[in-house]
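Letter by letter, the chains look like this.
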Amino acid sequence: MLIVGERINTSRKVKGESVIENAVVNRDAEFVKDLAKKQFEAGATYIDINCGTLISGEPEAMEWLTKVVMEAVDAPISFDTPNGAALSLALAAYDPSKGQPLINSITAESERYNNILPLVLQYKAKIIALAMDDTGIQSDPGKRLSVARKLINDLTAAGVAASDIYVDPLTFPIGTGSDVAVSMLDIIEKIRAEFPEAHIIAGLSNVSHGLPARKLLNQAMTVLCMGKGLDAGIVDPNDKYLMALIASTEALLGRDDYCMNYITLSREGKFEGI
Ligand code: THG
């Protein structure tokens, strides 16, 4: 499972305070480096950076975050912004020896598609494709599936390898309708069957929005999605229980030969206290 660590996001609040946003505005490199290191040590493959709340200051802040995260860890970066100017500046500052960059994300909205595609090709990036178009995010799962299908077909036709595409089927919080999670599972199953080489990713904490004990719903949703073929997640890698659950689910799904990864994590003490 590819783990994209979500904690460097200026919209995140800790006890009601915008601590990440403050750190980015004040260019507090040590604070950001600590977030990157802790996620990497906990098993994040990619470190996501998102400073969308800064609006006009976003491009320079993305460039700064890129440099700071590269100094902190030897991990590739997930560039989480719809802003083409922010992406261009950040990608130009990125050292590809850290690994293939991940652009988060493109959609089938015509302007965004046309702005982002050249950067995907120029930087040979992996790309997250969100299942939305100029009509927004469709609640009808059949329509979302069609948008995902169109994106995969258009991107591969433009020269992007299917194995560099991470489809994000998007979901609504389960509080908005009792069928939204089941619909998402259905979409994942269909994409997996139709496009075996493409990857499937999701922001796995969206489903619990507005409900108590969110972690429980996020964890249950993660296991269900993995069972249908999800192989990447935007998650909090410092949620030890979630990471242990992902490792055990991978072993049970036959994606961990001889349970080697599971056993290694156990030996490293990653399951202590669980
Ligand atoms: N898909 C893609 N990219 C995404 C998302 C997605 N990027 C942004 C977001 N969704 C994923 N990242 C975050 C970052 C921060 C938080 C949630 C998702 C967050 N969480 C609260 C916290 O940490 O305090 C609450 C978490 C909880 O209680 O479970 O702020 O869907 N492609």
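My aim in this report is to walk through the structure given alongside it, one point at a time. The structure displayed is predicted, hence computed values, not measured ones. (Residues numbered from 1 in each chain as written. Predicted model: local features only at pLDDT ≥ 70, side-chain atom pairs only at ≥ 80, totals over all residues. Heavy atoms only, no water.)

Take the site of the ligand next. Neighbouring the ligand are 15 residues, the closest being R12, D80, N104, D168 and N206. With respect to the ligand, the side chain of R12 contributes an N or O atom lying 3.3 Å from an oxygen atom. Mapped onto the shell around the ligand, the elements with two or more residues apiece are β1 (2-9), β5 (126-130) and α8 (214-228). Residue classes in the shell around the ligand are distributed as 3 nonpolar, 6 polar and 6 charged. (Near = heavy atom within 4 Å. Polar contact = N/O pair within 3.5 Å; in protein donor to acceptor, adjacent residues only side chain to side chain. Helix = DSSP H or I, 4+ residues; strand = E, 2+ residues; numbered from the N terminus. Nonpolar A, V, L, I, M, F, W, Y, C, P; charged D, E, K, R; others polar.)

With that settled, the discussion passes to the environment of I49. On the secondary structure map, I49 appears in strand β2 (residues 46-50). The class of I49 is buried, set by a relative accessible area of 0%. When the C-alpha atoms of I49 and T10 are compared, they prove to be 8.7 Å apart, with 39 residues separating the residues in sequence. Among all residues touching I49, those that are not within four sequence positions of it are I8, M62, L65, T66, V69, I77, S78, F79 and D80. (Buried < 20%, exposed > 50% of the residue type's maximum accessible area, 1.4 Å probe, protein only. Contact = heavy atoms within 4.5 Å.)

The contact between α8 and helix α9 (residues 240-252) brings their axes to 10 Å, and the two run at 20°. Between α8 and α9, the crossing angle belongs to the class labelled roughly parallel. Note on packing geometry: the crossing formed by α8 with α9 is right-handed. Of the residues in α9, those touching α8 at Q219, T222, V223 and M226 are Y241, L242, L245, I246, T249 and E250. (Axes fitted to C-alpha atoms, helices over the stretch in contact; angles between N-to-C directions. Parallel < 35°, antiparallel > 145°, perpendicular 65-115°, else oblique. Left-handed = near helix turned anticlockwise from the far one by under 90°.)

With 5 of 5 residues buried, strand β4 (residues 102-106) is to be regarded as a mostly interior element. As paired elements, strand β3 (residues 77-80) and β4 share 3 bridges and run parallel to each other. Following the sheet pairing, S78 is matched in β4 by L102. Chirality of the crossover, the property in question, places the unit of β3, helix α4 (residues 84-93) and β4 among those that are right-handed. The handedness of the β4 to β5 crossover, carried by helix α5 (residues 110-122), is right-handed. (Pairing = 2+ DSSP bridges. Right-handed = clockwise from strand over helix to strand, strands pointing away.)

A separate point is helix α7 (residues 180-194). Along its 15 residues, α7 runs 21 Å from first to last C-alpha, staying within 8% of the 21 Å computed at 1.5 Å per residue. Taken together, the buried positions of α7 are V180, A181, S183, M184, L185, I187, I188 and I191. The secondary structure elements touched by the buried residues of α7 are α6 (141-157), β6 (165-168), β7 (199-203) and α8. (Expected span 1.5 Å × (residues − 1).)

Counting buried positions along β7 yields 5 of 5 residues, so the element is predominantly enclosed. Burial along β7 is two-sided: the face carrying H199, I201 and G203 and the face carrying I200 and A202 are both buried. Judged from the 2 bridges that link them, β6 and β7 form a sheet pairing that is parallel. Looking at the pairing, V167 lines up with I200 of β7. Between the parallel elements β6 and β7, the chain passes through α7 in a crossover that is right-handed. Alignment of β7 against strand β8 (residues 232-235), held across 3 bridges, turns out to be parallel. Bridge pairing in β8 links G203 to I234.

Right, let's talk about the packing of aromatic side chains for a bit. The relative placement of two aromatic rings is captured by the distance of their centres and the angle of their planes. Applying the stated rule across the entire model yields 2 aromatic pairs. Summarising the aromatic geometry, the rings of F79 and Y94 are spaced 5.4 Å apart at their centres and angled 90° between planes, so their arrangement reads as edge-to-face. Pair noted here: F79 is in strand β3 and Y94 is in the loop between α4 and β4, with a separation of 15 residues, a long-range link. Here F79 matches Y94 in class, with each residue buried. Both rings, one in Y262 and one in F271, keep their centres 5.1 Å apart while their planes meet at 45°; by these two values the pair is tilted. (Phe/Tyr/Trp six-rings, centres within 6.5 Å; stacked < 30°, edge-to-face > 60°.)

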